[in-house]
Amino acid sequence: MTVSNFIKTCFSKWKWFALSLAATMLLAIAYLVVTPPKYTKKAQVLVKEESGMGALMGQIGGLAELGGIMGLGASSNVYNEMYAMQSPWLLLTVVDQLGLDMSYTIKGIRNKELYGEDLPINVSIKNLTDEDDVSMKIDLKKNGDLKVYKLKKNKDKYKGELTGRVNQTLKSAVGDLEITSTDALGKMEKDEVTIEVCRTEPMAIVEGLRKKMLTVAVSNREASIIDINCKDVSKERAVDIINAVIAEYRKESIEDKDAQIAVSERYVVERLASLENELRTLDQRVADYKSKTMMPDLEVMAKVYAESAKDISEAHLELSNQLYVAQAIRDYLRDESKKDELLPVLLVADNQGLADQVSEYNALQLQRNKIIASSSKESPLVKDIDKQLSAMHDAVLASANNAIKQLQIQLKSVKAKENEGKQLIASAPKKAIGGLTDERDWKVLNEVYVFLLQKREEAQMSKALKTDIRLLTPPLGVKKQSSPNKISVLFCSFILGLFIPAFLIIFRASIKKK
């Protein structure tokens, strides 16, 4: 069929096009009339860069690089927070806070979902499990009288009716129904309405939030800003969901950081007590040596060595400090009594990779503890997390061991150069050189001691600086509905109305040719 013949045929069959357009447009109008409009609310939050205790976690990463683990220090803090905001556990808490597992609907040509200021009653069903689905119908009068019928629990249906008044508890086959009134009851436009009440499994609501209603995304790769969008038939509920997600995220973030700060602070206090004993011993040994040799100041006798080998001494001090801390981390990881505890993060400076490993391990450990609190250690999810924790624990231990080996090799090289420097002052009194070892050890331990004191103060400061996000834009949105888009629906219906008869004409022509 040529184009000209096709056009002529289309004109001759204009009634087909008219009927098709009428049908598709009527269907589109019916769809728009029946489908409740949805509205989108949007909010923006700024994820703040961590400081103080949080910044230390970024400093520890250098130890992983020394151990040969590269690529673990990628800047993913914003993305981690984005995923945390839409985690099932957090959303499950939001569902429970807002009662999203309960829905109230007035059936009609266009169903009306009741929430917030429009909801005249609240229904609470006692003795339900997390997996129970319940539905019922309630005929509610403005004076507070009500009738409950068509009860259904999971696949079981129950006949009969219950009558009563609001603010009463009714005994039913699905459980005790506690029906309380709200301010909206006295503002009902009709004297009587029929409300369909449904209770849905909370985890199903969580999945619906993640897949259909709630969108969390990074607005710009170069900025630490997260966009939170919520689409719902109720503007008020969309705003409540966004606010609840932000509030619950803040709460859990503060609790997690408090837990990590507490274990780190406890570890620092223990190490400070141990270092105090070691320093006290060294103090006594140095004092005894000076008294015995009549050498009140060993630094004067070692001045020539210190000036000629300043860089070597600084390198030795730095490497010794790093080795000491790396060994402390390794010993902590090997301690079986601390297997289920969080790892301390208040130790190493300028070590980005291991910091991220420790942070991920602690986050997973906290998640495990929360799940155990609500279930048990025998939960399949807990066992799966235990496997992940074991693998992560071994990876961190391997990183520490590799770092220790690297540091020992570097220390060996530095000591070799240091021995060469000692030969330059071979003429110095042996008694002066004999005291350098204790003084050097004292300096190393003193540096570590001061370092840990600083971290203890940072822990105290971090307790007062807990907010990691800043609300840039509260939940806002235009009053115009976001879906269904009327223009798009009507346009698609118009195109479909033209396509159907055109397709039939082409199809008939192809059949005739055969």
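Here the structure is shown first, and the text comes after it.
Residues numbered from 1 in each chain as written. Predicted model: local features only at pLDDT ≥ 70, side-chain atom pairs only at ≥ 80, totals over all residues. Heavy atoms only, no water.

Draft legend 1. Local environment of a nonpolar patch on the surface. Together, L496, F499, I500, F503, L504, F507 and I511 give the surface a local cluster of nonpolar side chains, amounting to about 650 Å² of exposed area. Tracing the sequence through the fold places L496 in helix 16 (residues 486-513). (Patch = residues over 30% accessible without salt bridge, like charges linked within 9 Å, V, L, I, M, F, W, Y side chains within 5 Å. Areas by Shrake-Rupley, 256 points an atom, 1.4 Å probe, with all protein chains shown as cover. Salt bridge = Lys/Arg side-chain N within 4 Å of Asp/Glu carboxyl O. Helix = DSSP H or I, 4+ residues; strand = E, 2+ residues; numbered from the N terminus.)

Draft legend 2. Representation of the pairing of strand 8 (residues 156-165) within the structure. Pairing of strand 7 (residues 145-153) with strand 8, which is carried by eight bridges, proceeds in the antiparallel orientation. Opposite D145, over in strand 8, you have R165 as the bridge partner. Counting the residues that bridge the hairpin from strand 7 to strand 8 gives two residues, and of these N154 lies at a positive phi of roughly 55°. (Pairing = 2+ DSSP bridges.)

Draft legend 3. Quick look at the environment of V174. Looking at where V174 falls in the secondary structure, it is placed in the loop between strand 9 (168-170) and strand 10 (177-181). According to the relative accessible area criterion, V174 is buried, its value standing at 2%. Residues within four places of V174 in sequence aside, it is in contact with I125, K126, L128, V134, L151, K152, K153 and Y158. (Buried < 20%, exposed > 50% of the residue type's maximum accessible area, 1.4 Å probe, protein only. Contact = heavy atoms within 4.5 Å.)

Draft legend 4. Structural view of the packing of helix 2 (residues 14-34) against helix 16. Closest axis-to-axis distance for the helix 2/helix 16 pair is 8 Å, and the angle between their directions is 150°. Judged on the interaxial angle alone, helix 16 and helix 2 are roughly antiparallel. For the pair helix 2 and helix 16, the sense of crossing is right-handed. Its residues placed into classes, the contact of helix 2 with helix 16 shows 18 nonpolar, four polar and two charged. (Axes fitted to C-alpha atoms, helices over the stretch in contact; angles between N-to-C directions. Parallel < 35°, antiparallel > 145°, perpendicular 65-115°, else oblique. Left-handed = near helix turned anticlockwise from the far one by under 90°. Nonpolar A, V, L, I, M, F, W, Y, C, P; charged D, E, K, R; others polar.)

Draft legend 5. Summary view of the nonpolar core. Counting residues in each nonpolar core, the largest one holds 27 residues, and the members touching the most others are M85, L214, I226, I228 and V245. Looking at this core, the elements with two or more residues in it are strand 1 (39-47), helix 5 (77-85), helix 6 (88-98), helix 7 (202-213), strand 12 (214-218), strand 13 (225-232) and helix 8 (235-293). Considering every element that reaches this core, the biggest residue donor is helix 8, with seven residues. Filtering out sequence-adjacent residues up to four positions away, L214 remains in contact with L91, L209, I228, N229, C230, I241 and V245. Of all hydrophobic cores here, the second largest spans 24 residues; its members include I138, L140, L185 and V197. (Core = buried A, V, L, I, M, F, W, Y, C linked by side-chain atoms within 4.5 Å.)

Draft legend 6. Spatial organisation of the packing of aromatic side chains. Enumeration according to the criterion identifies two aromatic pairs in this entry. Ring centres of F499 and F503 lie 5.9 Å apart, and the angle between their planes is 25°; this geometry places the pair in the stacked category. Here F499 pairs with F503, and both are found in helix 16, just four residues apart, close to one helical turn. Residue classification places F503 among the partly exposed residues on the basis of a relative accessible area of 45%. For the ring pair F503 and F507, a centre distance of 6.2 Å and an interplane angle of 20° mean the geometry is stacked. Pair noted here: F503 and F507 are both in helix 16, with a separation of four residues, about one helical turn. F507 sits in the partly exposed class, given a relative accessible area of 42%. In this structure an aromatic cluster arises from ring pairing among F499, F503 and F507. Lying across the ring of Y149, K147 places its NZ or CZ 5.4 Å from the centre. (Phe/Tyr/Trp six-rings, centres within 6.5 Å; stacked < 30°, edge-to-face > 60°. Lys NZ or Arg CZ within 6 Å of the ring centre and 35° of its normal.)

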